[in-house]
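So the chains spell out like this:
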Amino acid sequence: MPRIGWRVALKGFAGFVVGVALWVLLSPVYDRVIGAGATALMRAFENPKVTRLKMAEDKLTTVDRSDFDPRSKRPAISIADLTFNFVLLVALFAASTRTFSDRNIGGFLAASAALALTHILGTITRVMSIYVAKLGMWSTVNYTAFDRNYRGAADHFYRLVLMYAVAFALWWIFRDPSQAVVAPAKQKKKKKK
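Residues numbered from 1 in each chain as written. Predicted model: local features only at pLDDT ≥ 70, side-chain atom pairs only at ≥ 80, totals over all residues. Heavy atoms only, no water.

Q: Is there a simple way to explain the overall build of the protein chain in this structure?
A: Helices and strands together make up the secondary structure of the protein chain, namely 6 helices and 3 strands. For the protein chain, whose C-alpha radius of gyration is 21 Å, the value lies well above the compact-globule estimate of 16 Å for 193 residues. With respect to the three principal axes, the spread of C-alpha positions in the protein chain is 75 × 35 × 25 Å. When burial is assessed residue by residue, the protein chain has 36% of its 193 residues classed as buried. As displayed, the protein chain offers around 12300 Å² of accessible surface, 67% of which is attributable to carbon and sulfur atoms. Here the protein chain carries 28 positive and 12 negative side-chain charges, and the mean point of each set is 16 Å from the other. (Helix = DSSP H or I, 4+ residues; strand = E, 2+ residues; numbered from the N terminus. Rg over C-alpha atoms; globule rule 2.2 N^0.38 Å. Buried < 20%, exposed > 50% of the residue type's maximum accessible area, 1.4 Å probe, protein only. Areas by Shrake-Rupley, 256 points an atom, 1.4 Å probe, with all protein chains shown as cover. Lys, Arg positive; Asp, Glu negative; His and termini not counted. Charge placed at Lys NZ, Arg CZ, Asp CG, Glu CD.)

See the structure below:
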């Protein structure tokens, strides 16, 4: 297994710092975009169309349904908690041997667009986990035990495993394969010496 050099580690760390800064700076706008995308996709499959996600002043997104009692409290989610795998994606692309090459930046942009789609799906999964398990009697009446278990498990799986796996998979798919840390042919030559 090839060793990771200090330059690669330093680039990865710098990418992590830049990723955190971008994520913190852009999250308020990005969360609105993801919320709007999740609302549109959910409403496309709902009959009747009742779900709306609204950004609140406290940076949480309120889950509202037109069939909720107007006096009832609305649940809220943090979309930023579902999108911080962007930081990992930035760090992985930054650790490339040629960070600012056209191919690496193009791959990063394509991976970021694909990641945004997973953020919309992750937000929908989070909202559905609220519907099936957190609304008391309404959840029990409207969803089966299978739905409650399946959708709850999907939400946990996304937040604990899939967020990170998606970032690594997108980096692997869209990275520049010519920028491997140590090419296998060079590794064999070094062993012979």
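Picking up after the structure, the text goes on.
Q: Please clarify how helix H5 (residues 145–174) should be interpreted in this entry.
A: Working note: α-helix, 3.6 residues per turn, so residues spaced by three or four point in the same direction. Along H5, the largest kink reaches about 50° and is centred on Leu162. By the burial criterion, the buried members of H5 are Gly152, Asp155, Tyr158, Met163, Val166, Ala167 and Leu170. (Bend = angle between axes of the 7 residues up to and from the residue.)

Q: Would you take a moment to explain unusual backbone geometry for this structure?
A: Across residues other than glycine, the phi torsion is negative in most instances, and most of the peptide bonds are trans. A cis amide bond links Asn47 with the next residue in sequence, Pro48, at an omega value of 0°. Relative to the helices and strands, Pro48 resides in the loop between helix H1 (6–45) and strand S1 (51–55).

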